[in-house]
Every structure is written in structure tokens, then in C-alpha cells.
Amino acid sequence: MSRSTSSIRIAQEPLSGSADLVDLYLRAYQPLGDYYYRHRTEVKAYLKWLRHRDPYGSFVAYDGNRLVGFIATDSRWDHGTVGAIHELVVDPEYQGRGLGRALLLHGMAYLRSRGCRVCELWVGEHNERARAIYQALGFQENGRWGKWIQMVRSLEDLPEDTNLEAALSELSRSTPAPSPPPRSSGGEGI
Ligand SMILES: CC(C)(COP(=O)(O)OP(=O)(O)OC[C@H]1O[C@@H](n2cnc3c(N)ncnc32)[C@H](O)[C@@H]1OP(=O)(O)O)[C@@H](O)C(=O)NCCC(=O)NCCS
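Fair warning: this is a prediction, and the values are worked out from it, not measured in the lab.

Basis of the calculations
- Residues numbered from 1 in each chain as written.
- Predicted model: local features only at pLDDT ≥ 70, side-chain atom pairs only at ≥ 80, totals over all residues.
- Helix = DSSP H or I, 4+ residues; strand = E, 2+ residues; numbered from the N terminus.
- Contact = placed C-beta atoms within 7 Å.
- Near = placed C-beta within 6 Å.
- Nonpolar A, V, L, I, M, F, W, Y, C, P; charged D, E, K, R; others polar.
- Buried ≥ 20, exposed ≤ 12 C-beta atoms within 10 Å, placed from the backbone.
- Pairing = 2+ DSSP bridges.
- Core = buried A, V, L, I, M, F, W, Y, C linked by C-beta atoms within 7 Å.
- Axes fitted to C-alpha atoms, helices over the stretch in contact; angles between N-to-C directions.
- Parallel < 35°, antiparallel > 145°, perpendicular 65-115°, else oblique.
- pLDDT = per-residue confidence, 0-100.

A.B. asks: Quick rundown of the overall build of the protein chain? Include the residues and the values.
C.D. replies: A tally of helices and strands in the protein chain yields 5 helices and 8 strands. Counted from the first residue to the last, the protein chain has its helices and strands arranged as β-β-α-α-β-β-β-α-β-α-β-β-α. Relative to all contacts within the protein chain whose residues are 6 or more apart in sequence, the contacts with residues 24 or more apart total 66%.

Right under this line is the structure:
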């Protein structure tokens, strides 16, 4: 399945272990300084784990040929009734334009289509930006484990026709975010 607008396209496809995907993950997480795998071999192993959990549960965003974001969900997380969102990543140059929201909508619609009634995720307590996007989309805090917060959302109230096309066209109309400052060389773990 693939949906497209003038520039951004979101495709349902298994996560590869490509260098581009590893780079994207590291680029997006580096400003956070925590909550992520820092070494390429760890990231590759993590992507492989995500792929094996649910090969059909991932959606990858492209701008032309450029990989600009992805979400990894898991419809088999808890006996099929609770789905998980394991990962959500948007290229820093594309953040703040609604792409994270569009990917989340794709992920939630997929989990619901697989029969999941609830979806859950874990987010770092200081990851304000991610917590804000989850809250904006109806997730609520459900518990804590160390520095991690569990958030859950019912999928029963998602409209049947969650409008993915609208989410994408909204995205194509929004103003591009300014480019981030250049990274210093020799960043951690890269
Ligand atoms: C979290 C992340 C995926 C958000 O992606 P994004 O494309 O910037 O998010 P969106 O533009 O779709 O924003 C959606 C909502 O997030 C919130 N949000 C986005 N940017 C924000 C900011 N700078 N400050 C506060 N809230 C923000 C808003 O609630 C926004 O809703 P609105 O558009 O109605 O205002 C992205 O910042 C990222 O890749 N971060 C690094 C990886 C990560 O932390 N992943 C989550 C792991 S649990």
C-alpha cells in the first residue's frame, strides 16, 4: 500500500536495515542525548527486531527518494488485542510539519485493522516533544518504569475512515521547518 501527495509519500513496507535508515534514526535521536541506541550495530539489530515483530506494521515516509521518517508498530504485541507502537522517527529537517502525526495515524489505523483495541507505547520522561504529540493524539499516561512512561490509547474511537489522505495533504501544505543547525563532527555513537 502506498499513499502519495505532491511530495511526501508514506509506504507500508518492512523496515530495511539500510544505512539510510540507520542514519535517519541516529540523526533524529541525537539531540535527545538519551533513550536511544547509539551504535550502528545496535541500531541495525533493533531495526531487525522491529521488522521481525511485525513486518507489515511499519510505514516509511519518503520525500522523492529521500527517507524522511518511519513508524514501527506491532499488532501481535499482547495476544493481538493490544498493539504496540515501538518506534516513531522523523528527520529533524522535516519535524514540526505534521509528518509524525501522519505516521501515527497510519500506525494506529493499521493496528485497528488487525483487530487491536488498544495501542500502547513507552516514551522517555524528558522526551517532551514526543509526549506532546502522543497527548495531542489522545494517548494518556498509564504508568511509569524508571525513566520510561507508558502511554495508552483506545483504538475503538478512531473514526472508521481515519483520513490518512487528509493528514498527508495537510502535511504537503504546511510550511517547511527551518533546517537545524549543523551538527558538530564526531557525534556520539555515529
Ligand atoms: C517525536 C517526533 C516523531 C515528532 O515528529 P514531528 O513530525 O515533528 O511531529 P508533528 O509535526 O506531526 O507534530 C505533531 C504534534 O506534536 C507536538 N509537537 C510537535 N513539535 C513540537 C514541539 N517542538 N514542542 C511541543 N510539541 C510539539 C504538537 O502537539 C503537534 O501537534 P500540532 O501540530 O497539532 O501542534 C520527532 O520529533 C522525532 O523524530 N523525535 C526523535 C525521535 C523520538 O523521540 N521518537 C519518539 C519515541 S517515543
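A.B. asks: How would you sum up the site of the ligand? Please name residues and give values.
C.D. replies: Around the ligand, 19 residues are found, and the nearest of them are Q95, G100, R101, A132 and I133. Elements with a contribution of two residues or more to the shell around the ligand: α1 (19-29), β5 (82-90), α3 (99-113) and α4 (128-136). Classifying every residue of the shell around the ligand by side-chain character gives 11 nonpolar, 5 polar and 3 charged.

A.B. asks: Lay out the pairing of strand β8 (residues 148-154) in plain terms, naming residues and giving numbers.
C.D. replies: Residues I149, M151 and R153 point to one face of β8 and are all buried, whereas W148, Q150, V152 and S154, pointing to the other face, are not buried. Taken together, the 5 bridges between strand β7 (residues 140-145) and β8 define a ladder with antiparallel strand orientation. What sits directly across from W145, in β8, is W148. Taking the residues that link successive antiparallel strands as the turn, the β7-β8 hairpin has 2 residues, and the phi of G146 there is positive, at about 60°.

A.B. asks: Account for the nonpolar core, naming residues and giving values.
C.D. replies: Judged by nonpolar contacts, the single largest core of 44 residues is most densely connected at A61, F70, I71, L99 and L103. Considering every element that reaches this core, the biggest residue donor is α3, with 9 residues. The contacts of I71, once residues within four sequence positions are left out, are S58, F59, I85, E87, L88, L103, L104, H106 and G107.

A.B. asks: Describe in detail the packing of α1 against helix α2 (residues 40-53), supporting the description with residues and values.
C.D. replies: Between α1 and α2, the shortest axis-to-axis distance is 10 Å and the interhelical angle comes to 110°. When the axis of α1 is compared with that of α2, the two are roughly perpendicular. Two secondary-structure elements touch here, α1 through L21, V22, Y25 and L26 and α2 through R40, V43, K44 and L47.

A.B. asks: Any details on the environment of G98? Residues and values, ideally.
C.D. replies: Tracing the backbone through its elements, the reader meets G98 in the loop between β5 and α3. Residue classification places G98 among the buried positions, given that 20 C-beta atoms sit within 10 Å. C-alpha of G98 to C-alpha of I133: the two residues are 35 residues apart in sequence and 9.6 Å apart in space.

A.B. asks: Outline the confidence of the model for the protein chain, listing residues and values.
C.D. replies: Averaged over every residue, the pLDDT of the protein chain is 85; the share at 70 or more is 80%. Taken together, the stretch residues 1-5 has pLDDT below 50 and engages in 13 contacts with residues farther than four places along the chain or on a different chain. For the stretch residues 175-190, pLDDT sits under 50, and the model shows 16 contacts to residues farther than four places along the chain or on other chains.

A.B. asks: So what about the pairing of strand β6 (residues 118-124)? Which residues, and what values?
C.D. replies: The alternating pattern of β6 places C119, L121 and V123 on a buried face and V118, E120, W122 and G124 on a face that is not buried. Pairing geometry for β5 and β6, over 3 bridges, is parallel. Bridge assignment links V82 to a residue of β6, and that residue is V118. Where β6 and β8 come together, 7 bridges link them in antiparallel fashion. When the bridges of β8 are listed, W122 appears paired with Q150.

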